[in-house]
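So the chains spell out like this:
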Amino acid sequence: MTTTSPTAPPVETSRSVPQRVRDLVARVTGDEKHDPSAHSTLDVVWTLYDQVLRVDPARPDAPDRDRFLLSKGHGPASTYAVLAAQGFFPTTWLDDVASFDSPLGHHPDRTLVPGIEIGSGSLGHGLPLAVGLALGLRGRSPARVVVLVGDAELDEGSNAEAIQVAGRFGLANLTCVVVDNHSDSLGWPGGIASRFALEGWSAAEVRTHDQPRLTAALRHAEADRPTVVVVDTTPAPTGNPDPTSKEAA
Amino acid sequence: MTTLATAPALDLRTRFYEELDPLLDAHPDVDVVLAVIGSGYMARAIERHPGRVIDVGIREQALIGVAGGLALAGRRPIVHTFASFLVERPYEQVKLDLGHQDVGAVLVSAGASYDVSAGGRTHQSPADVALISALPGWTVHVPGHADEVAEILHREAAGTGRVYVRLSGQRNSRPRPVDGRLHLVRDGGGAPGVPLVLAVGPMLDTVLEATADLPVRVAWTATPHPLDADGLRALAGPAPVLAVVEPYLEGTSAAAVAAALVDRPSRVLHVGVPGETELRRYGTPRDHAAAHGLDAAGVRRRVTSLLG
């Protein structure tokens, strides 16, 4: 598990996320104050469901659906909001998250929520599961597997195992999105993307507010290797710089 | 069953490797997942089923995570390595990537308890059955004969559940029914109040030798979890005197036995690998069985103490 520092850096969400979806996120978090863990993923998750993934809320178990795995399960508010906005379940579910009778918890459970592909919360499980899922679907289904992890989540060694296996096996139907809000404890000298590239992945780095590039990167796939998209959620240096943005937890 | 050109192996682990090729033929949704260990013994299966024997290298977290992902894709993973690296090292993956995702897999371990006696503690996992049994929804098979291994594998490959199959270097001289039930092997003269000794898996021949001249009945099962409670109650009678002999951590089945017998007065002895101290010795599995009191002489001492 991780903790979120009160001094976590500001998160810049693009204007491409409709206000109605932002309102749904606010219904989950219970106030207007942005929870960095939830909101850092909102651009990515919305773009995936709005522009990239082939999914049908009416058929959440369709065998050839694309899979989105939220590995960073401790920030599910934006995923819940997007799934509700897409019609996977009623928006009223967002109003009592984590109550005893609610299918929506602070960490999602795939057996309780239509559209949630894995139960997550303990860090470092989504990417290995995504590798197995991509292996199982490869050659049998046109489905893509997209897994979202956090930069701090990459601290877990299980991810290193999965990055290596996916690269060696050339899992072209796998995309890993690393939402980089610079909250990892010890840093990644040389950058996150280079670690994937060294293991045989196609690597792209984008800023979360750069909607055209984000969409293009999430749509991109190679014929013979998995793809990583490292999404920096901090404001662009030329945009609205914040000198405290390194005070991440 | 596929007819083999040569006589099937008697060693449980060798039989598992032999059975994989016909198993992959018979079950198109089965994939085998390895972390190096075993890959050198299944050349025919690897050659005849490209892409269906997946070796992730020495990465046991990925071993279970990949298996969970395969199951989410509708595959039926058979996952194999030594028990210590299959159950203990990736225990959270077993809990979450299989159990919490509510998907199934067949985990097949080698190196039961002290099979790797010369390897020391790093390669021994006598708590494996206790650990697996502590998680919801698992079935544990502890076969005592190679033919039982083949039957269990083919049945479970066709299923969807979470299954742990524990392959031991120790084995019995003949196969028994592996239907999940308790079976009476020796009736002890038929008197209903005669004490009962329940042998699990490969302990049967040892128990039969140990109790050959003792006034006891002997029952057997290859499936300690979930325990056949109805079968135990029927065999144990109204006031049981019972010894449970397991080839792994002593008392692993104690809670299940107590629950089965809660409605009657009973005296129950659990015999297994002691958990309080670590045996820092090498030697042979036979040496370790003797040191743990799990050879025929040791089992006889313990059962006699119950009878006295």
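Residues numbered from 1 in each chain as written. Chains lettered and ligands numbered in written order. Predicted model: local features only at pLDDT ≥ 70, side-chain atom pairs only at ≥ 80, totals over all residues. Heavy atoms only, no water.

You'll find chain B entered in an unreviewed UniProt entry as Transketolase subunit B, with Krasilnikoviella flava given as the organism.

The name given to chain A in an unreviewed UniProt entry is Transketolase, and the organism recorded there is Krasilnikoviella flava. Heading Sequence similarities (unreviewed entry) of the UniProt record for chain A holds this comment: "Belongs to the transketolase family." In the Cofactor (unreviewed entry) part of its UniProt record, chain A is described as follows: "thiamine diphosphate". (UniProt positions renumbered as here; feature names shortened; annotations may be inferred.)

Visitor: Quick question: what am I supposed to make of the UniProt feature "domain: Transketolase-like pyrimidine-binding" (unreviewed entry) in chain B here?
Guide: Within the UniProt annotation, "domain: Transketolase-like pyrimidine-binding" (unreviewed entry) is assigned to residues 10-175 of chain B. As annotated, residues 10-175 of chain B comprises 41% helix and 18% strand, and the C-alpha atoms at either end are separated by 11 Å. (Helix = DSSP H or I, 4+ residues; strand = E, 2+ residues; numbered from the N terminus.)

Visitor: I would appreciate a short explanation of the pattern of salt bridges in the present structure.
Guide: Note on pairing: side chains with opposite charge can pair once their charged atoms come close. All names here are of chain B. Here the structure, examined in full by the defined rule, presents 23 salt bridges over all chains. With a closest N to O distance of 3.8 Å, Arg52 and Asp31 form a salt bridge. Separated by 21 residues along the polypeptide, Arg52 in the loop between helix 2 (43-48) and strand 2 (53-55) and Asp31 in strand 1 (residues 30-34) bring together distant segments of the chain. Here the salt bridges do not stand alone but share partners, grouping Asp21, Asp25, Arg44 and Arg48 into one network. (Salt bridge = Lys/Arg side-chain N within 4 Å of Asp/Glu carboxyl O.)

Visitor: What exactly am I supposed to notice about the domain arrangement of chain B here?
Guide: One frequently used descriptor of interface size is the decrease in accessible area upon assembly of the parts. All names here are of chain B. Under the domain assignment, chain B is made up of domain 1 (12-166) and domain 2 (183-307). Spacing between the C-alpha centres of domain 1 and domain 2 amounts to 27 Å. With 24 residues of domain 1 at the contact, the number on the domain 2 side is 24 residues. Here Arg121 ties to Glu278 by a salt bridge, and the two come within 4.0 Å at their closest N and O atoms. If you look at where domain 1 meets domain 2, you find eight residue pairs in polar contact (both at pLDDT 80 or more). Partitioning the side of domain 1 that touches domain 2 into residue classes produces ten nonpolar, nine polar and five charged. (Domains from an automatic or database assignment. Contact = heavy atoms within 4.5 Å. Polar contact = N/O pair within 3.5 Å; in protein donor to acceptor, adjacent residues only side chain to side chain. Nonpolar A, V, L, I, M, F, W, Y, C, P; charged D, E, K, R; others polar.)

Visitor: Hey, could you run me through helix 9 (residues 229-236) of chain B in this one?
Guide: Each α-helix turn comprises 3.6 residues. Residues three or four places apart therefore point the same way. Residue and element names in this part refer to chain B. For helix 9, the full list of buried residues reads Gly231, Leu232, Leu235 and Ala236. Looking down the long axis of helix 9, one finds its buried residues gathered within 120 degrees of arc, a one-sided arrangement. Helix 9 presents Asp230 and Ala234 as exposed residues on the side facing more than 90 degrees away from its buried surface. Where helix 9 is buried, its residues contact strand 7 (183-186), strand 8 (196-200), strand 9 (217-221), strand 10 (241-249) and helix 10 (254-260). (Buried < 20%, exposed > 50% of the residue type's maximum accessible area, 1.4 Å probe, protein only. Arc of directions from axis to C-beta.)

Visitor: Would you explain the packing of helix 3 (residues 42-52) of chain A against helix 4 (residues 77-86) of chain A in this entry?
Guide: To characterise two packed helices, one gives the angle between the axes of the helices and the distance between these axes. All names here are of chain A. Following both chains from N to C, one finds helix 3 and helix 4 inclined at 25 degrees, their axes separated by 9 Å at the closest point. In terms of orientation, helix 3 lies roughly parallel with respect to helix 4. In this structure, helix 3 crosses over helix 4, and the sense of that crossing is right-handed. Residue-level inspection shows Leu42, Val45, Trp46, Tyr49 and Asp50 of helix 3 in contact with helix 4, the latter providing Ser78, Thr79, Val82, Leu83, Ala85 and Gln86. (Axes fitted to C-alpha atoms, helices over the stretch in contact; angles between N-to-C directions. Parallel < 35°, antiparallel > 145°, perpendicular 65-115°, else oblique. Left-handed = near helix turned anticlockwise from the far one by under 90°.)

Visitor: Quick question: what am I supposed to make of the interface of chain A and chain B here?
Guide: Counting from both sides, the interface comprises 26 residues of chain A and, opposite them, 24 residues of chain B. When chain A packs against chain B, the two sides together hide about 1900 Å² of surface, and 59% of this comes from carbon and sulfur. Considering only the surface of chain A that becomes buried against chain B, His125, Leu129 and Glu161 of chain A emerge as the three largest contributors, covering 28% of it. At the surface where chain A touches chain B, the tally comes to zero salt bridges. In this assembly, chain A and chain B are joined by nine residue pairs in polar contact (both at pLDDT 80 or more). Where the side of chain A that touches chain B is concerned, the elements lending two or more residues are helix 5 (126-137) and helix 6 (157-169) of chain A. Among the elements that take part in the side of chain A that touches chain B, helix 5 of chain A stands out by supplying eight residues, more than any other. The residue makeup of the side of chain A that touches chain B, split by class, is ten nonpolar, nine polar and seven charged. (Buried area = accessible area lost by both parts, 1.4 Å probe.)

Visitor: Would you explain helix 1 (residues 12-26) of chain B in this entry?
Guide: All names here are of chain B. With 15 residues, helix 1 ought to run about 21 Å at 1.5 Å a step, and its terminal C-alpha atoms sit 20 Å apart, in line with that. Leu20 marks where helix 1 bends most, by close to 35 degrees; the proline Pro22 follows one to four residues later. Those residues of helix 1 lying buried are Leu12, Arg15, Phe16, Tyr17, Glu19, Leu20, Asp21, Pro22, Leu23 and Leu24. On its buried face, helix 1 sits against strand 1, helix 2, strand 2, strand 3 (76-82), strand 4 (105-110) and helix 7 (146-157). The distance from a side-chain oxygen at the start of helix 1 to the backbone nitrogen of Arg13 is 3.3 Å, and the residue carrying that oxygen is Asp11. (Expected span 1.5 Å × (residues − 1). Bend = angle between axes of the 7 residues up to and from the residue.)

Visitor: Help me out: how do you make sense of the sheet that holds strand 7 of chain B in this one?
Guide: Residues and elements named next belong to chain B. Taken in spatial order, the five strands line up as 7-9-8-10-11 in an open sheet, and their pairing is mixed. Here the strands that pair on one side only, and so sit at the sheet edges, are strand 7 and strand 11 (267-273). The average angle at which neighbouring strand axes cross in this sheet is 25 degrees, direction not considered. In the sheet, strand 8 pairs with strand 9 via five bridges, with the strands oriented parallel. Its bridge partner lying in strand 9, Leu196 is registered against Arg217. Running over the sheet, helix 12 (residues 296-307) touches strand 8, strand 10 and strand 11 and is turned about 165 degrees from strand 11. (Pairing = 2+ DSSP bridges.)

Visitor: Explain the confidence of the model for chain A here, please?
Guide: Caution applies to low-pLDDT regions: their predicted coordinates should not be interpreted in detail. All names here are of chain A. For chain A, mean pLDDT is 88; residues scoring 70 or higher make up 85% of the total. Confidence drops under a pLDDT of 50 for residues 1-8, and excluding neighbours within four residues, the segment shows 14 contacts in the predicted structure. Scored below 50 in pLDDT, residues 239-249 makes 16 contacts in the model with residues more than four places away or belonging to other chains. (pLDDT = per-residue confidence, 0-100.)

Visitor: Please clarify how the packing of helix 1 (residues 19-29) of chain A against helix 4 of chain A should be interpreted in this entry.
Guide: Residues and elements named next belong to chain A. Contact pair helix 1 / helix 4: the axes reach a minimum separation of 8 Å and the direction vectors enclose 130 degrees. By the angle class used here, helix 1 and helix 4 are oblique. Crossing hand, helix 1 versus helix 4: right-handed. Judged by residue contacts, Arg20, Val21, Leu24, Val25, Val28 and Thr29 of helix 1 engage Ala77, Ser78, Ala81, Val82 and Ala85 from helix 4. For the contact of helix 1 with helix 4, the residue count by class is eight nonpolar, two polar and one charged.

Visitor: Help me out: how do you make sense of the environment of His292 of chain B in this one?
Guide: Residues and elements named next belong to chain B. Counting through the fold element by element, His292 comes out in the loop between helix 11 (285-291) and helix 12. What makes His292 buried here is its relative accessible area of 14%. In sequence terms His292 and Glu19 are 273 residues apart; their C-alpha atoms lie 32 Å from each other. In this view, His292 contacts Tyr114, Gly272, Val273, Pro274 and Leu279; residues no more than four positions away in its chain are not counted.

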